[in-house]
Structures are given as structure tokens and as C-alpha cells.
Amino acid sequence: MMASYRDLEIYTLSYDLAIKIHKMSLTLPKYEMYEEGSQIRKSSKGITSCIVEGYGRKKYKADFI
């Protein structure tokens, strides 16, 4: 039985990858750090956010159906 979305293997994999991508994006050259780097950081966290949102909707029967 899952107690939380943090118990999902896909969540832990996507979270670890998001952390690695975030750290990598901070090593970009200054002229790419702000625009492209920001987009990379935001998109890398998108998968984890969707998993958390989907798990949260599980509580509401109308949303889950």
C-alpha cells in the first residue's frame, strides 16, 4: 500500500533527474543561464509536478473518475 506519492518509483527517478538537470543548468555560460537555463529548470520539474498533482486528485472521487 502506498502512503504517499513519494513511494512511487517513477517519482523518485524523476525527482533525482530534476535535481541533476537543475545542477547541470547552473553550469551553462552566462548568456544562456537566464533564458534557456530557466526554461530547462522549469521543464525538468514538470514531470514531478504532474505526478504530485495526479496523486492529489486521487482524493477527490469526481476528479479521479
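Further up the page is the structure itself.
Only a predicted model underlies this, so the values are computations on that prediction, with no experimental measurement involved.

How each quantity is defined
- Residues numbered from 1 in each chain as written.
- Predicted model: local features only at pLDDT ≥ 70, side-chain atom pairs only at ≥ 80, totals over all residues.
- Heavy atoms only, no water.
- Helix = DSSP H or I, 4+ residues; strand = E, 2+ residues; numbered from the N terminus.
- Rg over C-alpha atoms; globule rule 2.2 N^0.38 Å.
- Buried < 20%, exposed > 50% of the residue type's maximum accessible area, 1.4 Å probe, protein only.
- Contact = heavy atoms within 4.5 Å.
- Phe/Tyr/Trp six-rings, centres within 6.5 Å; stacked < 30°, edge-to-face > 60°.

A. Region of interest: the overall build of the protein chain. Looking only at helices and strands, one finds five helices and zero strands in the protein chain. Across the protein chain, helices and strands are ordered from the amino to the carboxyl terminus as α-α-α-α-α. Taken over C-alpha atoms, the radius of gyration comes to 15 Å for the protein chain, far larger than the 11 Å a tight globule of 65 residues would show. Projected onto the principal axes, the alpha-carbon positions of the protein chain cover approximately 45 × 20 × 10 Å. For the protein chain, the residues scored as buried account for 18% of the 65 residues in total. By sequence separation, contacts in the protein chain at least 24 residues apart represent 49% of the contacts at least 6 residues apart.

B. Local environment of the environment of Leu17. Residue position: Leu17 is located in helix H1 (residues 9–25). With 27 residues separating them in the primary sequence, Leu17 and Ser44 have C-alpha atoms 7.7 Å apart.

C. Representation of the packing of aromatic side chains. Taken as a whole, this structure holds three aromatic pairs when the rule is applied. Measuring from centroid to centroid gives 5.0 Å for Tyr5 and Tyr11, while their planes differ by 75 degrees, and the two rings are edge-to-face. Its relative accessible area of 17% is what places Tyr5 among the buried residues. Here the aromatic rings of Tyr11 and Tyr15 are separated by 6.0 Å at their centres, their planes lie at 20 degrees, and the arrangement is stacked. Of the two residues, Tyr11 and Tyr15 both sit in helix H1, four residues apart, roughly one turn of that helix. Accessibility expressed as a relative area gives 41% for Tyr15, which makes it partly exposed. Chaining the aromatic ring pairs together yields one cluster made of Tyr5, Tyr11, Tyr15 and Tyr55.

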